[in-house]
Amino acid sequence: MLDVNGNWRPSNSKPRQDYAVLGGTGSVASRIALRAGTIMKTYKKLYGNVCSLKNLVLAFRKAKKGKGHMQYVKDFESVLEDNLVQLKCELETLSYEPMPLRNFVTRDPKTRLISAPHFRDRIVHHALCNVIEPIFDRIFIYDSYASRKGKGTHAALRRLDCFKRKVSCNGRLIKKASNNNMVVGYYLKADIRHYFASVDHDTLLNIIKNKIKDENLLWLVSKVLRCYDQSSEGIGMPIGSLTSQLFANIYLNEMDYFVKHNLRARNYIRYMDDFIIMHESKEMLLGWKGKIADFLATIKLELHPEKSDIFPLHKGAGFLGYRIFYHYKLLKKSNLRAINKRLEKHKELYEKNEISYEKIMQSIKSWMAYARYANTYGVRRETIRKVNQLIVGERLSNQSNIYYMFHS
């Protein structure tokens, strides 16, 4: 049977007694916990852990990871003890003020506005997440895969493979199937419209308050939330902030509980604001889609009208950059176009001596690791051919590295 987190447990086992209840009075998670006879556990004295020098040192190390060569990190580290003591004092006296976010636009492949916090504020974000993330992570459902330890893209895809076998009865074909991928079953693929820009601060704070009763810590959460400057005050979270990832999972955990326990949808996977539900019946998924849309309205969100629809499994499920069929996976066409554009840009920069061979290899290796998870032998071979054209004149050992990268 399902426990209150949406995870399976034996029917003869005792329910855990420390499940948290999210949301206000009468929220989905609250009703589920009460129905299961579980006890709401809250936390009252956490802020001291956030402000401790030990936690701030750990937060600094996490914020520095991969950025140690940056000048702003070196400047902060040059007087590390003074900076951390000053930060500790500001947090303890509730005088801490976040600095303005640095905004820039990325196109990979979608255009996104990234709002990067100052390094000093990133330390505070890590310090906050060090304390509250373990509390909330234990009450997230099993099939929430974004920004969680032990989860991630590949784990979500493996789970999706499991669900498509269950829904299709291990690959049972539809009538008059023309190929062995035309299996029975349907999937609802959807995402939230402008999710990060639509999160309501008061709603999120009310959800967190049902788990955490420490007023000082809630003050810090509010400070972090309200530093996001946009036209609608009290709405939205910055893309590019560590806390935004955690808050996004906390906010949509309410939808997770609704789908798993009210709708009783078993074959459900969520990766941030993208989610898939699989079922044998198209009519069932159509009904669930309407109910999910109605529920999202209660937390001031809505489904994306152009990216939320129901498809037969044999049409291929588009999820996390892949098109997933029963017997194989393909890359999305937009991702193929993106790697070709990247190679053209690398060639242009390489000919001008503005990019090194090592930088090109680093970029291609990361793409290869992503592409290798799909059936892309021909695509990867063609990509390697194009890379070889870029490095004419390099040492033979470099070409051997490319061969190893492709066949490993």
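Residues numbered from 1 in each chain as written. Predicted model: local features only at pLDDT ≥ 70, side-chain atom pairs only at ≥ 80, totals over all residues. Heavy atoms only, no water.

### Overview of the pattern of salt bridges
Once their charged atoms are close, side chains differing in charge can pair, the charge on each being opposite to the other. Filter applied, for reference: Every case where a carboxyl oxygen of Asp or Glu lies within 4 Å of a side-chain nitrogen of Lys or Arg is listed as a salt bridge. Starting at the N terminus, helices and strands are each numbered in turn, a helix being any DSSP run of H or I of at least four residues and a strand any DSSP run of E of at least two. Only protein chains enter the calculation, and the probe is 1.4 Å; a residue is then buried if its accessible area is under 20% of its type maximum, exposed if over 50%, and partly exposed in between.
The tally for this structure, following the rule as stated, stands at 13 salt bridges. For Glu92, the salt bridge goes to Lys88, with nearest N and O atoms at 2.5 Å. One end of the pair, Glu92, and the other, Lys88, are both in helix α5 (residues 80-92), four residues apart, so they sit about a helical turn from each other. Residue class for Lys88 comes out partly exposed when judged on its relative accessible area of 22%. Note that Asp256 is salt-bridged to Arg270, the shortest N-O span being 2.9 Å. Of the two residues, Asp256 is situated in helix α11 (residues 242-262) and Arg270 in strand β4 (residues 268-271); the sequence distance between them amounts to 14 residues.

### A closer look at the nonpolar core
Our working definition: Nonpolar cores were defined as sets of buried Ala, Val, Leu, Ile, Met, Phe, Trp, Tyr and Cys residues, with membership established by side-chain atoms within 4.5 Å. Two residues qualify as a contact provided that any one of their heavy atoms is within 4.5 Å of a heavy atom in the partner residue.
Residues Ile123, Phe247, Met255, Phe275, Ile277 and Ile292 are the most contacted members of the largest nonpolar core, which totals 72 residues. Apart from residues lying up to four places away in sequence, Met255 is in contact with Ile192, Tyr268, Arg270, Phe275, Ile292, Phe295 and Leu296. Grouped together as the second largest cluster of nonpolar side chains are 35 residues, Leu157, Leu160, Ile355 and Ile384 included.

### Re the environment of Lys260
For Lys260, the location among the structural elements is in helix α11. When its relative accessible area of 3% is taken as the criterion, Lys260 is described as buried. Taking C-alpha positions, Lys260 is 8.6 Å from Ile141, a pair spaced 119 residues apart along the chain.

### Focus: the packing of helix α4 (residues 71-78) against helix α6 (residues 119-137)
Here is the rule: Interaxial angle, 0 to 180 degrees, is taken between N-to-C directions of lines fitted to C-alpha atoms, where a helix line uses only the stretch in contact. Here is the rule for angles: anything less than 35 degrees is roughly parallel, anything more than 145 is roughly antiparallel, 65 through 115 is roughly perpendicular, and the remaining ranges are oblique. Three residue categories are used. Nonpolar comprises Ala, Val, Leu, Ile, Met, Phe, Trp, Tyr, Cys and Pro, charged comprises Asp, Glu, Lys and Arg, and polar comprises the others, including Gly.
Contact pair α4 / α6: the axes reach a minimum separation of 10 Å and the direction vectors enclose 75°. Judged by the inter-axis angle, α4 sits roughly perpendicular to α6. Between α4 and α6, the contacting residues are Tyr72, Val73 and Phe76 on the first element and Phe119, Arg120, Arg122 and Ile123 on the second. Of the residues in the contact of α4 with α6, the class split is five nonpolar, no polar and two charged.

### Considering the pairing of strand β5 (residues 274-279)
Using the following cut-off: When DSSP locates at least two bridges between a pair of strands, those strands are taken to pair.
Of all six residues in β5, six are buried; the element is thus mostly enclosed. What you see with β5 is no split at all: Asp274, Ile276 and Met278 on one side and Phe275, Ile277 and His279 on the other are buried throughout. By the bridge criterion, six bridges tie strand β3 (residues 186-191) to β5 in an arrangement that is antiparallel. If you follow Leu188 over to β5, its bridge partner there is Ile277. By the bridge criterion, four bridges tie β4 to β5 in an arrangement that is antiparallel. Along β5, the bridge assignment pairs Ile269 with Ile276. Count of turn residues in the β4/β5 antiparallel hairpin: two residues, of which Met272 carries a positive phi of about 55°.

### As for empty space enclosed by the protein
The condition that has to hold: In the cavity and pocket records, a cavity denotes points on a 1 Å grid over the protein atoms alone where a 1.4 Å probe fits but cannot get out, a pocket denotes an open set with protein on both sides within 12 Å along at least 5 of 7 lines, and lining residues are residues with an atom within 4 Å of a point. Grid points are joined across faces, edges and corners, and a volume is the space filled by probe spheres set on the points.
Summed over all chains, the structure comprises three cavities of 30 Å³ or more. Approximately 60 Å³ is the volume found for the largest cavity. Lining the largest cavity, in full, are Leu101, His125, Val224, Leu225, Cys227, Met237, Pro238, Ser241, Thr243, Ser244 and Phe247. Among the secondary structure elements, those contributing two or more residues to the lining of the largest cavity are α10 (215-226) and α11. Along the lines of polarity and charge, the residues of the lining of the largest cavity split into seven nonpolar, four polar and no charged. Each pocket or cavity is described by its volume, and for the second largest cavity that value is around 50 Å³.

### Considerations on unusual backbone geometry
Look at Arg264: it is not a glycine, yet its phi comes out positive at around 60°. In this fold, Arg264 is placed in the loop between α11 and β4.

### Quick look at the side chain of Lys329
Formally: Two N or O atoms count as a polar contact when they lie within 3.5 Å, although within protein this holds only if one can serve as hydrogen donor and the other as acceptor, and sequence-adjacent residues are included solely when both atoms are side-chain atoms.
Along the chain, the position of Lys329 falls in strand β9 (residues 329-331). Classification of Lys329 as buried rests on a relative accessible area of 10%. Within the structure, the side chain of Lys329 is placed 3.1 Å from the side chain of Asp161, a separation counted as a polar contact. Residues within four places of Lys329 in sequence aside, it is in contact with Leu157, Asp161, Arg323, Ile324, Tyr373, Ala374 and Asn375.

### Let's talk about the sheet that holds strand β8 (residues 322-324)
Strands pair in a sheet through their backbones, by hydrogen bonds, and they do so in one of two ways: parallel or antiparallel. Pairing is antiparallel across the open sheet formed by three strands, whose spatial order is β7-β8-β9. Two strands lie at the open edges of the sheet, namely β7 (317-319) and β9, each paired on one side alone. Averaged over all neighbouring strand pairs, the angle between strand axes comes to 30°, with direction disregarded. As paired elements, β7 and β8 share three bridges and run antiparallel to each other. Within the sheet, the bridge partner assigned to Ala317 lies in β8 and is Ile324. In the packing of helix α7 (residues 153-167) onto the sheet, contacts are made with β7, β8 and β9, and the angle to β8 comes to roughly 15°.

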